[in-house]
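# Coordinates in review
Listed here are the chains, written in short residue letters.
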Amino acid sequence: MSEQITFWYGCNVLRHGDIIHACLDILRALGYEPAPVGGVDYCCGTVKDANQTAAGGMATRTVGKLNVRAAPVVVWCPSCHSHMHDFMARANDRHFDMTYLVELLHAKRERLATLLVRELPLRVFVHQHIGFNDLVPVNRMVPEILRLIPGVEVVEADYVAPGYMCASFAAIPQALEDIHNNTARSARAAGADAVVTVFHQCYRELVGLDAAGAIPVCNYIHLIARSMGLAYEDEYKAWKRAGEGAATLIGAERIAKVGIQFYERAILPELKKRPKLLNSDPGS
Amino acid sequence: MSTRAAIGQRLKEFEEREIERILGACTRCGKCYEVCPMAHYSKAPASDSKAIVGGVHAVLRGEAGTPEALGWIGVCTRSGVCVPACPENVDPKMMMRLARMTALGGRGLPAQLPAKEDPDYFDRVRAFAKLQLSDDELKDWT
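Residues numbered from 1 in each chain as written. Chains lettered and ligands numbered in written order. Predicted model: local features only at pLDDT ≥ 70, side-chain atom pairs only at ≥ 80, totals over all residues.

Bringing the overall build of chain B into the picture now. Within chain B, the secondary structure is distributed over nine helices and zero strands. In sequence order, chain B lays out its α and β elements as α-α-α-α-α-α-α-α-α. Its C-alpha atoms give chain B a radius of gyration of 18 Å, clearly above 14 Å, the size a compact globule of 142 residues would have. Evaluated residue by residue, chain B yields a buried proportion of 46% over its 142 residues. (Helix = DSSP H or I, 4+ residues; strand = E, 2+ residues; numbered from the N terminus. Rg over C-alpha atoms; globule rule 2.2 N^0.38 Å. Buried ≥ 20, exposed ≤ 12 C-beta atoms within 10 Å, placed from the backbone.)

The structure is reproduced here in structure tokens:
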């Protein structure tokens, strides 16, 4: 009988429906019955540093909703996970066990290995940060998980980015520019074919390297999914690569759901954004 | 206490206890600043690591922070290198997060740093959900 869990995916990973869907299939294949929850109504409140009344209200609401579900919670988002650990659970009565997805996949790696049937001949550079690793040792666990995939070789990383992920850098553009350049340079120097991110926030940022032609970028879930034979399309990457032309891929019907004006003002600039690379030849 | 006033009250009480603990435990040795990989991105880099931590303490107490302290608070992205560097187990990452909340005006004190909130943040999350999930998934998952 499958174990029922709540899969709390967070907010911003909603850019990547393929990652959410793949996570659910992976969890099911590992013997779980995941109930996915996320989006604005399940926000952890970590983005509200400037308003702790709002942050506290969001935290209490979300802990309460997760309590009602009465199932262990598996978390995708590192912001949600660390905010629950650092703040939400300290100021609310949490009645559920909580695990970060990487921890669960690592604990179930023997079973996961049997599902990874398709060979992916790829040398990958795992993009690492410092901050979150103290809470969950993802910098060790993700490479160990990736090495279960037939054909995947994880190269040694000589660059670890500051911060706990590639978010919170909006006000420090030089730092993000350095992360882009150092990641691409280190990956190429190590002979990697691709950069693999752990967090969706990093993927959202670094996929710009892919769109700019510097180096292919994917998330570790993409590789697990491909090796399992799951066929979800990474639409965000396609939109990002298309830039101005993304509307054609998205289609008029879907754009109408969000409103053309909102799409052009709040979504299209993100899809068109490219990293500032130091070298004029993006692939060198 | 009215319902509105009670919103977030436990979180604020926790933060106040944490600030009291941090101010009591930190000796201002400056090790956290010395190891910070983000410090050089500050608009006002400091040469005196002990003094800058004193400036962070001032912010936590609700007093005016020095330009160096506010510059450092403004570039903290929770790298966490400071945590093992601290000889007093203060948890400087928590210290800086609380200082950031305070400096942004989040704890009800006058803001000392501009809050650059993205007005489209939540609407953008909702929009991507509509672009990526089916109508049934939207209804059941969000």
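Once that is clear, we can look at the domain arrangement of chain A. All names here are of chain A. Parsing chain A into structural domains produces domain 1 (3-106) and domain 2 (117-234). The C-alpha centroid of domain 2 is placed 22 Å from the C-alpha centroid of domain 1. Among the elements that make up the side of domain 1 that touches domain 2, the one with the highest residue count is helix α1 (residues 17-29) (eight residues). Broken down by class, the residue content of the side of domain 1 that touches domain 2 amounts to ten nonpolar, eight polar and four charged. (Domains from an automatic or database assignment. Nonpolar A, V, L, I, M, F, W, Y, C, P; charged D, E, K, R; others polar.)

Turning our attention to the interface of chain B and chain A. With 45 residues of chain B in contact, the opposing surface of chain A contributes 46 residues. Taken together, the elements giving at least two residues each to the side of chain B that touches chain A come down to α2 (9-25), α5 (67-75), α7 (92-103) and α8 (121-132) of chain B. No other element matches α8(B), which puts twelve residues into the side of chain B that touches chain A. Among the residues making up the side of chain B that touches chain A, the classes are represented as 22 nonpolar, ten polar and 13 charged. (Contact = placed C-beta atoms within 7 Å.)

Proteins that are soluble and globular tend to have nonpolar side chains buried together. Ranked by size, the top nonpolar core spans 135 residues in total, and within it A:Trp8, A:Cys23, A:Leu146, B:Val56 and B:Ile73 carry the most contacts. Inspection of this core shows a minimum of three residues originating in each of domain 1 (3-106) and domain 2 (117-234) of chain A. Non-local contacts of A:Cys23, meaning those with residues more than four positions away in its chain, are made with A:Phe7, A:Trp76, A:Leu101 and A:Ile221. (Core = buried A, V, L, I, M, F, W, Y, C linked by C-beta atoms within 7 Å.)

Moving on to α2(B). Under the 1.5 Å per step criterion, the end-to-end length of α2(B) is 24 Å for 17 residues, consistent within 8% with the ideal 24 Å. Where α2(B) is concerned, the buried positions are B:Leu11, B:Glu15, B:Ile19 and B:Ile22. Along the axis of α2(B), the buried residues cluster in a sector spanning 75°; they form a single face. In this structure, α2(B) carries B:Glu16, B:Arg17, B:Glu20 and B:Gly24 as exposed residues pointing more than 90 degrees from its buried face. Here the buried face of α2(B) lies against α2 (52-69) of chain A together with α4 (49-60) and α7 of chain B. (Expected span 1.5 Å × (residues − 1). Arc of directions from axis to C-beta.)

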